[in-house]
Amino acid sequence: MSSTGQAVGSRAKVRKKAVPIAPSGWGDPALLTTFITAALIILGLIMILSASSVTSFATYGSSFRYFQKQLIWAAFGVVAFVVFARFDYRRLRGVGYVAVVLTAVLLLAVLIPGVGITAGGSSRWLGFGALGFQPSEFAKLALILFAADVFSRKEERTLKSFLHAMIPVVPVAALLSILIMLQPDLGTTVLVGFIGVGVMFVAGTPLVYLIPVLGAGTGLATGVALLKPYMRARLLVFMHPWADPLGQGYQTIQSLIAMGSGGWVGVGLGASRQKWAYVPNAHTDFIYAILGEEMGLLGTLVVLGMFAFLAYLGIKIARRAPDRFGMLVASGITIWIALQALINMGAVSGALPVTGVPLPLVSFGGSSLVITLVGMGILTNIATQSRRRVAKNHEPGR
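Residues numbered from 1 in each chain as written. Predicted model: local features only at pLDDT ≥ 70, side-chain atom pairs only at ≥ 80, totals over all residues. Heavy atoms only, no water.

Enquirer: Any chance you could explain the overall build of the chain here in plain terms?
Expert: Each helix and strand counted, the chain has 14 helices and three strands in total. A burial count over the chain gives 50% of its 398 residues as buried. Long-range pairs, those at least 24 residues apart, make up 73% of the contacts in the chain with a sequence separation of at least 6. (Helix = DSSP H or I, 4+ residues; strand = E, 2+ residues; numbered from the N terminus. Buried < 20%, exposed > 50% of the residue type's maximum accessible area, 1.4 Å probe, protein only. Contact = heavy atoms within 4.5 Å.)

Enquirer: Could you clarify how one ought to interpret the nonpolar core in this entry?
Expert: Taken as a class, soluble globular proteins show a tendency for nonpolar side chains to be buried jointly. Core analysis: the largest hydrophobic core is formed by 101 residues, its most contacted members being Phe151, Phe307, Val329, Trp336 and Ile378. Sequence-distant contacts of Phe307, that is, excluding residues within four places in its chain, are made with Leu40, Ile337, Ala341, Met345, Leu359, Pro360 and Val362. Listed in part, the six residues of the second largest apolar core include Met181, Leu186, Ala221 and Met231. (Core = buried A, V, L, I, M, F, W, Y, C linked by side-chain atoms within 4.5 Å.)

Enquirer: Would you take a moment to explain the packing of helix 11 (residues 250–261) against helix 12 (residues 287–320) for this structure?
Expert: Contact geometry for helix 11 and helix 12: axes closest at 7 Å, N-to-C directions at 35 degrees. When you trace helix 11 past helix 12, the crossing you get is right-handed. For the pair helix 11 and helix 12, contact is made by Ser255, Ala258, Met259 and Ser261 and by Tyr288, Ala289, Gly292, Glu293 and Thr300, respectively. When grouped by side-chain class, the residues that make up the contact of helix 11 with helix 12 number four nonpolar, four polar and one charged. (Axes fitted to C-alpha atoms, helices over the stretch in contact; angles between N-to-C directions. Left-handed = near helix turned anticlockwise from the far one by under 90°. Nonpolar A, V, L, I, M, F, W, Y, C, P; charged D, E, K, R; others polar.)

Enquirer: What's the story with unusual backbone geometry in this structure? I'm lost.
Expert: Cis geometry is found at the peptide bond from Ile167 to Pro168, where omega equals 5 degrees. Among the secondary structure elements, Pro168 is positioned in the loop between helix 6 (162–166) and helix 7 (169–181). Of note, the bond from Gln183 into Pro184 is cis; its omega dihedral lies within 30 degrees of zero at -5 degrees. At Ala277, a position not held by glycine, the phi torsion is positive, near 70 degrees. Turning to its location among the elements, Ala277 is positioned in the loop between helix 11 and helix 12. Owing to a relative accessible area of 66%, Ala277 belongs among the exposed residues under this scheme. The phi angle at Asn281 is positive, at roughly 55 degrees, despite the residue not being glycine. By secondary structure assignment, the location of Asn281 is in the loop between helix 11 and helix 12.

Enquirer: What exactly am I supposed to notice about a nonpolar patch on the surface here?
Expert: A cluster of nonpolar residues, Trp264, Val265, Leu297, Leu298, Leu301 and Leu304, forms a patch on the protein surface that exposes about 610 Å² of accessible area. Secondary-structure assignment places Leu297 in helix 12. Judged by relative accessible area, Leu297 falls into the partly exposed class, the value being 36%. (Patch = residues over 30% accessible without salt bridge, like charges linked within 9 Å, V, L, I, M, F, W, Y side chains within 5 Å. Areas by Shrake-Rupley, 256 points an atom, 1.4 Å probe, with all protein chains shown as cover. Salt bridge = Lys/Arg side-chain N within 4 Å of Asp/Glu carboxyl O.)

Enquirer: I keep staring at the pattern of salt bridges and nothing clicks. Help me out?
Expert: It is possible for side chains of opposite charge to pair when their charged atoms get near one another. For the structure shown, the criterion picks out eight salt bridges. In this structure, the salt-bridge partner of Asp185 is Arg124, at a minimum N-O distance of 3.9 Å. A residue pair is termed long-range when its members are at least 10 positions apart, and Asp185 in the loop between helix 7 and helix 8 (186–203) and Arg124 in strand 2 (residues 122–128) qualify at 61 residues. The pair formed by Asp185 and Arg124 is uniform in burial state, with each residue classed as buried.

Enquirer: Sorry if this is basic, but what is going on with the packing of aromatic side chains here?
Expert: Note on aromatic pairs: each is described by the distance of the centres and the angle between the planes. Across all of its chains, the model carries eight aromatic pairs by this definition. A ring pair is formed by Trp73 and Phe76, whose centres lie 6.2 Å apart and whose planes are at 55 degrees; its orientation type is tilted. Residue Trp73 and its partner Phe76 are both found in helix 3 (residues 65–86); the two are separated by three residues, about one turn of the helix. For Phe76, a relative accessible area of 49% puts it in the partly exposed group. Between Phe84 and Phe87, the aromatic rings sit 6.3 Å apart at their centres with planes inclined by 65 degrees, giving edge-to-face as the arrangement. Given the relative accessible area of 26%, Phe87 is considered partly exposed. By the ring-pair criterion, three or more aromatic residues cluster together here, those being Tyr60, Tyr66 and Phe364. Lying over the aromatic face of Tyr60, Arg65 brings its terminal NZ or CZ to 4.4 Å of the ring centre. (Phe/Tyr/Trp six-rings, centres within 6.5 Å; stacked < 30°, edge-to-face > 60°. Lys NZ or Arg CZ within 6 Å of the ring centre and 35° of its normal.)

Enquirer: Would you explain helix 8 in this entry?
Expert: A turn of α-helix holds 3.6 residues, and therefore any two residues three or four places apart point the same way. Between its terminal C-alpha atoms helix 8 stretches 26 Å, which fits the 26 Å expected from 18 residues at 1.5 Å a residue. Extensive coverage of helix 8 is indicated by the burial of 13 of its 18 residues. Gly204 occupies a position one or two residues after helix 8 and carries a positive phi of about 115 degrees. (Expected span 1.5 Å × (residues − 1).)

Enquirer: Explain the environment of Val237 here, please?
Expert: For Val237, the location among the structural elements is in helix 10 (residues 229–237). Separated by 13 residues in sequence, Val237 and Tyr250 have C-alpha atoms that sit 9.8 Å apart. Ignoring any residue separated from it by four or fewer positions in sequence, one finds Val237 in contact with Asp244, Gln248 and Gly249.

Enquirer: Explain helix 4 (residues 95–110) here, please?
Expert: Compared with the 22 Å implied by 1.5 Å per residue over 16 residues, the 22 Å span of helix 4 between its first and last C-alpha is a close match. Restricting attention to buried positions, one finds in helix 4 the residues Gly96, Ala99, Val100, Thr103, Ala104, Leu106, Leu107, Ala109 and Val110.

Enquirer: What should I look at first to understand the packing of helix 5 (residues 135–152) against helix 13 (residues 324–348) in this one?
Expert: The description of two packed helices rests on the angle between their axes and on the distance between the axes. The N-to-C vectors of helix 5 and helix 13 enclose an angle of 150 degrees; their axes lie 8 Å apart at closest approach. Here helix 13 runs roughly antiparallel to helix 5, going by the angle between their axes. Seen from above, helix 5 lies across helix 13 with right-handed handedness. Touching Lys140, Leu141, Ile144, Leu145, Ala148, Asp149, Phe151 and Ser152 of helix 5 are Arg324, Phe325, Leu328, Val329, Gly332, Ile333, Trp336 and Gln340, all from helix 13. Considered class by class, the residues forming the contact of helix 5 with helix 13 number ten nonpolar, three polar and three charged. (Parallel < 35°, antiparallel > 145°, perpendicular 65-115°, else oblique.)

Listed below in C-alpha cells is the structure:
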C-alpha cells in the first residue's frame, strides 16, 4: 500500500475511534428527562386551570386565581431547573450538611404559634409576604444530598458495620421525620423515611440492618397516627370507605366516582362534574381524580406511564453517573419522585390511605413544584456530566 493510502486509512481509523458512544439526540437521558418534566408541568397547569376553576371563582370571584399562582411558581421552578441543570452537581457535596440543619430550623419554626401558618388542622407553612413555603418539601431534597454525601465518603465494606451503616443518616432522617410528624403530616413523614432507607439500600447497607429500621419507623409512625382520631379514621376507612360515606370515606368515594365516570376517554377537558365541590382538594392532592374523569382511563395510564418512564430514566442516569455521589443523588431523587407519585395515585384510586401527598409536578402547590424542579434539574445535570465524561473518554488519542 502507498504512503497516501496508509495515511487515509489512519485518518479513517482515527475518525472511527473519535465517534462518541455517549447517548445523543432523542436517546439522551438528559433530553428525555427534560422533555417528560416539561410535559408534566404543562399537563399540571392545564389540569389546575380546569380542576380549580369552580373553587377559585367561589373564593376569589375569578376562575383563574389558582392557575395564575401556579403559573408564577412554575416560572420560578423552570428557572431553578435550568440553573441546576447547568450547575455541576459535584459542587453540591457538603451542601447537604447545611441543608439538613436549615431544614430542621425551619421545621421547628413551623411549630411555633404565630410563626407557622395553620390550615386544615396542620401547621406546615411559613409565610413570606403573599407567599407561603412548606419546609417539609425541602426536607426530601436535603436528606438526599446529606445521605449521598455521607455514603459517598464511606467505603462500601464499612457498611457491614451496623454503626457505620446507621450513623449519622438514620438519626438525621429520624429527626426530620419527627418534626414533620408533629405538624402533623403523615404522608411526608412516611415519604422522608422511605427516601432515607432507599438511599441506604442503594449505598450497600445490608438488608439485615434495613428491615428492622424500616419496620420500627413504620410501626412508630403508624402508632402515632392511630393515637390521633382523625388520622386513625383515615388509615382505616380506605379499606371500606362506604362505611362512612358522608364522613371520612367521602373523599375517597367521590374520587372513585370521578375516575369511574371518565370511562375510557373521559368526559372531555374542562367538563368535570366532580370538581363542582364534590371532590375535596380537587386541584391539589386529588387532581389525578379529575384528570381521570376528564381524560378517562387512557389519560390516567398515560400519566402513569410518564412517571414510570421518568423512574426508568432516573435508574439509567444513576447507573451511568460519573461517581458514587452522583449515583446516590440520582437514586434518591428517583426514589422520591416515583414513590411520591405512587402514594398519590394509590390514595386517589382507593388503594392506599389518604395522606395528603401531592402528585409531583402536576398538583397545585408552589413549594412542592419548585423543590421538585430543583431535584429534576440536578438529575438532568448528572445525566449531562455522564454524557460529557463518556464523550471525553472517546476523544481521539484517548
